[in-house]
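# Summary of structural features
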Amino acid sequence: MTTPQDLNTLIRSRRSVYPKQYSRQAVDQEIIAQMLENANWAPNHRKTEPWRFVVFGGSQLEALAQFQAEQYKLHTPAEAFDQAKYDKVLVNFSSPAYAIAIALKRHEKLLPEYEEIAAVSCAVQNMLLTAAAYGLGAFWSTGGITNLAPAKVPFFEWAGLPLGEEDLLMGFVMVGHYEVEIPDNARKPIQEKCIWRI
């Protein structure tokens, strides 16, 4: 049984580990399956379970990187195009052992959007904590095509997700082994952010 102290330590020691920090060591697919299973247990109002995932690994990572880079080029005016950004997309999306697309399936008649965004965010936190528990690096990226509205539906179609205009692409969770030392982090005291009225 997990102790409260184990849970406290896991939450407080989790760090974002970025694609440039990953080694090329393979990640056991069973760990990715466990991350997804734990994501599926996130809290969500009305039990809509709005999260949707597509897991990219192996040669499909290169295909994902190419798709992202080409969508950036296609939807960026020539005068705003940045070759360095294009190249960074190619590197970032081909560096992890796995990249997991995070999407939100809307249930507009049941819930406001913010509730479903919160539910998917809880699912992602479960994924990140699971990766940390297995000693893996993980990073929730909202770059690439996530904020490129015209590329959203083409991505859904390309990835085989039966989603549409009303649904959201919420980024990608990158996962990989790492050998670099990850620096400690800090938070301002909770007392500065909380009022007790008891």
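Below, the structure is looked at part by part. (Residues numbered from 1 in each chain as written. Predicted model: local features only at pLDDT ≥ 70, side-chain atom pairs only at ≥ 80, totals over all residues. Heavy atoms only, no water.)

### Points about the nonpolar core
Membership of the largest hydrophobic core comes to 29 residues, with the highest contact counts inside it found for Phe56, Ile145, Phe155 and Phe172. Per-element tally for this core: the top contributor is helix 3 (residues 59–74), with 6 residues. Apart from residues no more than four positions distant in its own chain, Ile145 is found in contact with Phe67, Gln68, Gln71, Ala151, Phe155, Leu169 and Phe172. Core analysis: the next-biggest nonpolar cluster, separate from the first, contains 24 residues, Ala119, Ala123, Ala138 and Val173 among them. (Core = buried A, V, L, I, M, F, W, Y, C linked by side-chain atoms within 4.5 Å. Buried < 20%, exposed > 50% of the residue type's maximum accessible area, 1.4 Å probe, protein only. Helix = DSSP H or I, 4+ residues; strand = E, 2+ residues; numbered from the N terminus. Contact = heavy atoms within 4.5 Å.)

### Quick word on the packing of aromatic side chains
Evaluation of the coordinates by the stated rule reveals 11 aromatic pairs. Between Phe56 and Phe155, the ring centres sit 6.3 Å apart and the planes meet at 40 degrees, which makes this aromatic pair tilted. Taken together, the residues Phe56 in strand 1 (residues 51–57) and Phe155 in helix 6 (residues 149–159) connect sequence positions 99 residues apart. Comparing Phe56 with Phe155, the two get one shared label, buried. On the numbers, 5.8 Å between centres and 10 degrees between planes, the contact of Phe56 with Trp158 is stacked. Of the two residues, Phe56 is situated in strand 1 and Trp158 in helix 6; the sequence distance between them amounts to 102 residues. In this structure Phe56 comes out as buried when scored by relative accessible area, which is 5%. Taking the relative accessible area as the measure of exposure, Trp158 reaches 35% and is therefore partly exposed. (Phe/Tyr/Trp six-rings, centres within 6.5 Å; stacked < 30°, edge-to-face > 60°.)

### Notes on the pairing of strand 2 (residues 98–104)
Burial analysis of strand 2 places 7 of its 7 residues in the buried class, which makes it a mostly covered element. The pairing of strand 1 with strand 2 spans 7 bridges and is antiparallel. Within the sheet, the bridge partner assigned to Arg52 lies in strand 2 and is Ala103. The pairing of strand 2 with strand 4 (residues 168–176) spans 6 bridges and is antiparallel. The partner of Ala99 across the bridge, within strand 4, is Met174. (Pairing = 2+ DSSP bridges.)

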